[in-house]
Amino acid sequence: MKTVVVTGIMGQLGWELERSAPGWARLVGVDLPETDITRADHVERLFSENRPDVILNAAAYTAVDRAEQEPEAAYRVNRDAVRLLAENCARFGAHLVHVSTDFVFDGTGSRPYRPEDPPNPLGVYGASKRAGEEAVLEVLGAGSTIVRTAWLYSSHGANFVKTMLRLFEDRDEVRVVADQVGTPTWAANLANFLWSLVGRSSVPPGIFHFTDAGVASWYDFAVAVEEETRPRRLRPVSVRPIRTEEYPTPARRPPYSVLDKHAAWALWGRRPEHWREALRRMLQELFP
Ligand SMILES: NC(=O)c1ccc[n+]([C@@H]2O[C@H](COP(=O)([O-])OP(=O)(O)OC[C@H]3O[C@@H](n4cnc5c(N)ncnc54)[C@H](OP(=O)(O)O)[C@@H]3O)[C@@H](O)[C@H]2O)c1
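Note that residues are indexed from 1 along each chain, following the sequence as it is written. At least 70 in pLDDT is required for a residue's local features to be given in this predicted model, at least 80 for side-chain atom pairs to be given and counted, and no such filter applies to totals for whole chains, interfaces and linings, which use all residues.

Participant: Would you mind going over the overall build of the protein in detail, with residue names and values included?
Facilitator: Helix and strand labels come from DSSP, where a helix needs a run of H or I of at least four residues and a strand needs a run of E of at least two; each type is numbered from the N terminus. A tally of helices and strands in the protein yields 10 helices and 12 strands. Each radius of gyration is computed over the set of C-alpha atoms, and the globule rule expresses the reference value as 2.2 Å times the number of residues to the power 0.38. Relative to the compact-globule value of 19 Å for 288 residues, the protein shows a C-alpha radius of gyration of 19 Å, a close match. In the protein, buried positions account for 44% of the 288 residues. It is the C-beta atoms, placed from the backbone, that decide contacts: two residues are in contact if theirs lie within 7 Å. Within the protein, residue pairs in contact and separated by at least 24 positions form 81% of the contacts whose partners lie at least 6 positions apart. Residues are called buried when their C-beta atom has 20 or more other C-beta atoms within 10 Å, exposed when it has 12 or fewer, and partly exposed otherwise; all C-beta atoms are positioned from the backbone.

Dropping the structure here:
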């Protein structure tokens, strides 16, 4: 048995990790308010009471636009708390698997981002997540594992798929940006990959990129959600492509954030699932 502490257990990824926990894992899932990872006393108690072999940090401040108005809150969770976790890993001899984001890149590239490509976040959220990665590397050096992912959705929690489904209920037309490209990723597949890493006799260190397979714009993603759920609706909804300028948001987002997943997929040893297939499976779960 390995004792694995998962922070952010109530979030999308945490929930998927919990329901897919393998038999060899003694899972300790924690979240706010009982365990606030920004509190040194909470983090120390978490380690001393559970003596984890691995700590999987799925907790984060994930409100990308709100972060522009409250950067301190974003940095407290995404940088300072991550440093606390790393320091306690060093002290208690636990392995840290930290989850990060495609938003550490500026998205001006035109080929999938490799783990070693230079980060250059565009907004507060991305910058705070990059600062968290730096804290992990500073405290634990190359002995830690950082997994960057992108465009997460799940049947649990708030995400793009849920937003589209809500809009499709009461609108005839939905406008969605078509000039931001990435890979929608079912958090269930990411959870599965993370368990495969943690289940190894020693967790592979380094920075890994993991998403589902394929590439899409937010517009393509919305069209797919509409098509897959059309039989449930009495009338069709028109999904119209727009440019980013036509849907201004407080935070700038990377126009191209496809990640190069070769190393992670090779480790995983499973056939990566195309995002459209993963979406279909998630929707079957939502509407059995
Ligand atoms: N969602 C995406 O599209 C996406 C894309 C790329 C990378 N990621 C990364 O993937 C990871 C998982 O994301 P997710 O979508 O599962 O996020 P999520 O649904 O927002 O879940 C995050 C969880 O962390 C909790 N949390 C926040 N502050 C905390 C604190 N101080 N102490 C303890 N727990 C705290 C949240 O609680 P509250 O809800 O109460 O705040 C929530 O339960 C994050 O590292 C995120 O940066 C996400």
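Now, onward.
Participant: Would you mind going over the site of the ligand in detail, with residue names and values included?
Facilitator: As a structural note, the neighbourhood of the ligand is formed by 29 residues, with Gly8, Gly11, Gln12, Ala60 and Thr101 the closest of them. When residues of the shell around the ligand are traced back to their parent elements, those giving at least two are α1 (12-19), α4 (71-92) and β4 (95-101). The dominant element in the shell around the ligand, judged by the number of residues it contributes, is α1, at three residues. Classification used: nonpolar for Ala, Val, Leu, Ile, Met, Phe, Trp, Tyr, Cys and Pro, charged for Asp, Glu, Lys and Arg, polar for all others including Gly. Looking at the shell around the ligand residue by residue, the classes come out as 14 nonpolar, 11 polar and four charged. Should the C-beta atom of a residue, placed from the backbone, lie within 6 Å of a molecule or strand, that residue is near it.

Participant: Explain the environment of Ser201 residue by residue, including any values.
Facilitator: The residue Ser201 is located in the loop between α7 (187-198) and β10 (206-209) in this model. Each C-alpha atom, one on Ser201 and one on Lys2, is 9.9 Å from the other, the two residues being 199 residues apart in sequence.

Participant: Just give me the short version of the packing of helix α6 (residues 160-170) against helix α8 (residues 218-229), but keep the residues and values in it.
Facilitator: Axes, fitted as lines to C-alpha atoms, cover a helix only where it is in contact. Angles between the N-to-C directions of the axes lie from 0 to 180 degrees. α8 packs onto α6 with a crossing angle of 60 degrees between their chain directions and a minimal axis gap of 10 Å. As summarised for this structure, α6 and α8 are arranged oblique, according to the angle between their axes. Note that α6 runs across α8; the crossing there is right-handed. Contact with α6, carried on its side by Phe160, Val161, Met164, Leu165 and Phe168, involves Phe221, Ala222, Val225, Glu226 and Thr229 of α8 and no other residues of that element. Oblique is the label for every angle not falling under 35 degrees (roughly parallel), over 145 degrees (roughly antiparallel), or within 65 to 115 degrees (roughly perpendicular). Crossings are classed by handedness, with left-handed meaning an anticlockwise turn of the near helix from the far one by less than a right angle and right-handed meaning a clockwise turn.

Participant: Lay out the nonpolar core in plain terms, naming residues and giving numbers.
Facilitator: Formed by 80 residues in total, the largest nonpolar core has its most connected members in Leu56, Leu85, Leu96 and Leu194. In contact with Leu194, other than residues within four places in its own chain, are Leu17, Leu56, Val97 and Val147. Each nonpolar core reported here comprises buried Ala, Val, Leu, Ile, Met, Phe, Trp, Tyr and Cys residues connected via C-beta atoms within 7 Å.

Participant: Hey, could you go over the packing of helix α2 (residues 40-50) against α4 for me, with residue numbers and the actual values?
Facilitator: At a minimum axis distance of 10 Å, the contact between α2 and α4 shows a crossing angle of 35 degrees. For the pair α2 and α4, the sense of crossing is right-handed. In this structure, α2 uses Ala40, Val43, Glu44 and Phe47 to contact α4, whose residues at the interface are Leu84, Leu85, Asn88 and Phe92. Classifying every residue of the contact of α2 with α4 gives six nonpolar, one polar and one charged.

Participant: Talk me through the pairing of strand β1 (residues 2-7); I want residue IDs and the actual numbers.
Facilitator: Being paired, for any two strands, means DSSP has found at least two bridges between them. By the bridge criterion, six bridges tie β1 to strand β2 (residues 25-30) in an arrangement that is parallel. Counted as the bridge partner of Val4 is Leu27 from β2. Orient the strands so they point away from the viewer; a crossover is then right-handed if the path from the first strand over the helix to the second runs clockwise. What joins β1 to β2 is α1, and the crossover it makes is right-handed. Where β1 lies against strand β3 (residues 54-57), four bridges are found, and the strand directions are parallel. When the bridges of β3 are listed, Val6 appears paired with Leu56.

Participant: Hey, could you go over unusual backbone geometry for me, with residue numbers and the actual values?
Facilitator: The linkage connecting Leu32 with the following residue, Pro33, adopts the cis geometry, with an omega of -5 degrees. At Arg51, a residue that is not glycine, the phi angle is positive and equals roughly 45 degrees. You can see Arg51 is positioned in the loop between α2 and β3. Look at Arg51 and you get exposed, because 11 C-beta atoms sit within 10 Å. The backbone phi angle of Trp151 is positive, close to 45 degrees, even though this residue is not glycine. Relative to the helices and strands, Trp151 resides in the loop between β5 (145-149) and β6 (152-153).

Participant: Lay out the environment of Ser238 in plain terms, naming residues and giving numbers.
Facilitator: Here Ser238 is to be found in strand β12 (residues 238-242). Sequence-wise, Ser238 and Arg171 are 67 residues apart; in three dimensions their C-alpha atoms are separated by 8.8 Å. Setting aside residues up to four positions removed in sequence, Ser238 forms contacts with Asp172 and Glu173.

Participant: Can you lay out α7 for me, pointing to particular residues and giving the numbers?
Facilitator: Multiplying 1.5 Å by the helix residue count minus one yields the expected span of that helix. The end-to-end C-alpha separation of α7 is 16 Å, in line with the 16 Å expected for 12 residues at 1.5 Å each. Across the 12 residues of α7, nine count as buried, placing the element largely inside the fold. For α7, the set of buried residues is Ala187, Ala188, Asn189, Leu190, Ala191, Phe193, Leu194, Leu197 and Val198.

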